[in-house]
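Each chain is listed here by its residues.
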Amino acid sequence: MESRHILTVDVGTSSTKTALWTEDACLLAHATYAYPLSRPQPLWAEIDANIWWQAVCSTIQDVLSKSGISPDTIVGVGVDAVGWTMIPVDAEGNPLRPAMIWLDRRAESETAYLKSLPDAQNMVNLNANPLDAAYITPKLIWLKNNQPKIFDASFKYMEATGFLIARFTGEFTCDFTQAYGYHFFDIRRECWDKHTAAEIGIPLEKMPKLCRSVDVIGEVTEKAAAQTGLKKGTPVIAGCLDAVAGALGSGVAQPGQTNEQGGQAGGVGISIDHVVVEPRLIFSHHVIPGQYLLQAGTVGGGSLGWFRDQLGHLETIAGSLIGQNAFELFSRQVQKSNPGAGGLLFLPYMAGERTPLWSSLPRGVFFGLTYSTTRADMLRSIMEGCAFAVYDNLQIAEEHGVVIEEFLGSGGATQSTVWCQIKADIYGKPFVIARRPDGGEGGHDLGLFAMTAYGIGLTGSISEMITSLLPNRQVFEPSITNHLLYEELFQVYREVSRRNLESFAKLDEIARSCV
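Residues numbered from 1 in each chain as written. Predicted model: local features only at pLDDT ≥ 70, side-chain atom pairs only at ≥ 80, totals over all residues. Heavy atoms only, no water.

*Asks:* In this structure, what is going on with the overall build of the protein chain? I would like to understand it.
*Replies:* When its secondary structure is counted, the protein chain shows 19 helices and 24 strands. In terms of overall size, the protein chain behaves like a compact globule, its C-alpha atoms giving a radius of gyration of 23 Å where 515 residues would be expected to give roughly 24 Å. In terms of overall dimensions, the protein chain has a C-alpha envelope of 65 × 60 × 45 Å along the principal axes. Considering only residue pairs separated by 6 or more positions, the protein chain has 71% of its internal contacts joining residues 24 or more positions apart. Only carbon and sulfur atoms are counted for the fraction: they give 52% of the accessible area of the protein chain, which is about 20,300 Å². Within the protein chain, one finds 40 positive and 55 negative side-chain charges whose respective centroids are separated by 4 Å. (Helix = DSSP H or I, 4+ residues; strand = E, 2+ residues; numbered from the N terminus. Rg over C-alpha atoms; globule rule 2.2 N^0.38 Å. Contact = heavy atoms within 4.5 Å. Areas by Shrake-Rupley, 256 points an atom, 1.4 Å probe, with all protein chains shown as cover. Lys, Arg positive; Asp, Glu negative; His and termini not counted. Charge placed at Lys NZ, Arg CZ, Asp CG, Glu CD.)

Here it is, written out as structure tokens:
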């Protein structure tokens, strides 16, 4: 019998990563294509969606070339992409303007308008998400108000995954994990709500068809085959939100399992089996039928990168000489500082904060600097502050009776054992890295592999497959003594955070006048 293969495509904020797998999950080849964002005005964050398709085509051609396999052996394609992205397209799937991605916050006035409506709370209850400028709904209203010709000329209003799936198949779809970006999506009934859409002036005939992430919704078209090198007729599943693929790929396959993605834009996803409405957090479907993800999103993960760029020139140079990166050298220094960083706290609001503050105004803060503060203390406080930002969200989730059964870490931050231990101590729970048999981590591409395999019928259970693909556990046990200390420090962290919200707003106003 001829070998069968699966292709996975992960379209992120700054790059696209494509991987080619055997049917038993052995990675054959991978490729990456980086691209910049466009920020033509303050609060704007755009990209020409055609660049995503160029990245997809280039990386697919790359993995086919590296692997040497015949495209005929690829039996399924799975795609994930960034969330909260609005792309108006014509009938051929061509974008009519640059894609407004999740970082774009231009629609603040439209958000205020939505919040002023008598139906505002009903919208929040309908799709279990807050009204915020990052979501797609305010961006659609912005398009209607500011570019009405494009709004009216659009054949469909697409999000990022659906846009790419349309390029592969010609089918216009939106999977359930991406639909939470629209506040007229009924998350319980899994349909567009006619009343709410009419209330805010969104024509439902311009919305794509809703479907499950694992549904095979079409096949690679002749045009897409010519552009990618794939075989015409290759099955393509609907795909999903990138954070959901990441959660699955880290091992989140059962209610109670939780994933923290440690990167530039950090996040937490807790699998639960019922809808929770908590406007301070984020809520979406999981790709596994019957499961949802109660999510949090933070932006402080890039704080160490800022420290490296501004204050870490020595580590950068030394690292290049000894074959290590600056972050590894930072971790060594952190071990010289005791838990609590000598009483130094860090608020990691270097680009505002998503959950639970939902504001672009907060700023990064070192609180408690003294003449005794060391470089190691500053580095440790950054790591502790990023963990406190996550813990802030976990406290809110637990108010709703959410129970975390297993806390799974993923992303670049898991390379630092000292940071993993800090997280275990702050959360007061074992912090676990699920690993493949070869010792590697899971990730977005492994999550995509499992759901694609399920969608095309190679497995009868996504949960069982992802569990079998990640059989090993690296566990960081919490120190009770350290956790008690961190509990006290967290109370101060939270007080400093909340008491300074008004000051952050005033500072932002002054800073704007200085430009």
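*Asks:* Please clarify how the packing of aromatic side chains should be interpreted in this entry.
*Replies:* Two descriptors summarise a pair of aromatic rings, namely the distance from one centre to the other and the angle between the planes of the rings. Applying the stated criterion to the full structure yields 30 aromatic pairs. Between the aromatic rings of tryptophan 306 and phenylalanine 307, the centroid separation amounts to 6.4 Å while the plane-to-plane angle is 70°, which identifies the pairing as edge-to-face. Each residue in the set Phe388, Tyr391, Phe407, Tyr427, Phe431, Tyr486, Phe490 and Tyr493 is aromatic and connected to the rest through ring pairs, giving one cluster. The ring of tryptophan 44 has arginine 106 sitting right over it, with the charged end atom 3.5 Å from the ring centre. Over the aromatic face of phenylalanine 155 sits the side chain of lysine 156, whose NZ or CZ is 5.2 Å from the ring centroid. (Phe/Tyr/Trp six-rings, centres within 6.5 Å; stacked < 30°, edge-to-face > 60°. Lys NZ or Arg CZ within 6 Å of the ring centre and 35° of its normal.)

*Asks:* Explanation requested: the nonpolar core in the structure shown.
*Replies:* Soluble globular proteins tend to pack their nonpolar side chains together in the buried interior. Counting residues in each nonpolar core, the largest one holds 85 residues, and the members touching the most others are Tyr182, Phe184, Trp192, Ile202, Leu394, Ile422 and Tyr427. The greatest single-element share of this core, amounting to 13 residues, is contributed by helix H14 (residues 375-399). Counting 82 residues, the second largest nonpolar core, distinct from the first, contains Ala55, Ala238, Leu241 and Leu293. (Core = buried A, V, L, I, M, F, W, Y, C linked by side-chain atoms within 4.5 Å. Buried < 20%, exposed > 50% of the residue type's maximum accessible area, 1.4 Å probe, protein only.)

*Asks:* Just to check I follow, could you spell out the pattern of salt bridges for this structure?
*Replies:* Opposite charge on two side chains lets them pair, provided their charged atoms get close. Per the counting criterion, the structure on display carries 23 salt bridges. Of the charged contacts in the structure, one is a salt bridge between glutamate 278 and arginine 280, with a shortest N-O distance of 3.0 Å. Given a relative accessible area of 7%, glutamate 278 falls into the buried group. Given the relative accessible area of 31%, arginine 280 is considered partly exposed. The residue arginine 494 makes a salt bridge to aspartate 392 at a minimum N-O spacing of 3.2 Å. Of this pair, arginine 494 sits in helix H18 (residues 480-499) while aspartate 392 sits in helix H14, and the two are 102 residues apart along the sequence. A relative accessible area of 1% places aspartate 392 in the buried class. (Salt bridge = Lys/Arg side-chain N within 4 Å of Asp/Glu carboxyl O.)

*Asks:* Teacher, can you tell me more about the pairing of strand S17 (residues 266-272) here?
*Replies:* Taken residue by residue, a regular strand's side chains alternate between the two faces of the sheet. Judged by how many residues are buried, S17 sits mostly within the fold: seven of seven residues are covered. In this sheet, strand S19 (residues 292-298) lies alongside S17 in antiparallel orientation, the contact comprising seven bridges. Note on S19: the bridge partner recorded for glycine 269 is glutamine 295. (Pairing = 2+ DSSP bridges.)

*Asks:* I keep staring at the environment of alanine 351 and nothing clicks. Help me out?
*Replies:* Tracing the backbone through its elements, the reader meets alanine 351 in the loop between strand S20 (345-347) and strand S21 (365-367). By relative accessible area, alanine 351 is classed as exposed at 55%. On a C-alpha basis, the gap between alanine 351 and arginine 363 in space is 6.6 Å, while along the polypeptide they are 12 residues apart.

*Asks:* Which parts of the structure should I look at to understand helix H15 (residues 417-427)?
*Replies:* In an α-helix, one turn spans 3.6 residues; hence positions three or four apart end up facing the same way. Counting buried positions along H15 gives nine out of 11 residues, so the element sits mostly inside the fold. If you check which residues of H15 are buried, you get Val418, Trp419, Cys420, Ile422, Lys423, Ala424, Asp425, Ile426 and Tyr427. Where H15 ends, the next residue or the one after it, glycine 428, has phi of about 70°, a positive value.

*Asks:* Where do I start with the side chain of asparagine 129 in this structure?
*Replies:* Following the sequence through the fold, asparagine 129 ends up in the loop between helix H3 (120-127) and helix H4 (136-146). Reaching out from asparagine 129, the side chain makes a polar contact with the side chain of tyrosine 135 at a distance of 2.8 Å. Leaving out residues up to four positions away in the same chain, asparagine 129 has contacts with Val124, Tyr135, Tyr180, His183, Leu281, Ile282 and Phe283. (Polar contact = N/O pair within 3.5 Å; in protein donor to acceptor, adjacent residues only side chain to side chain.)

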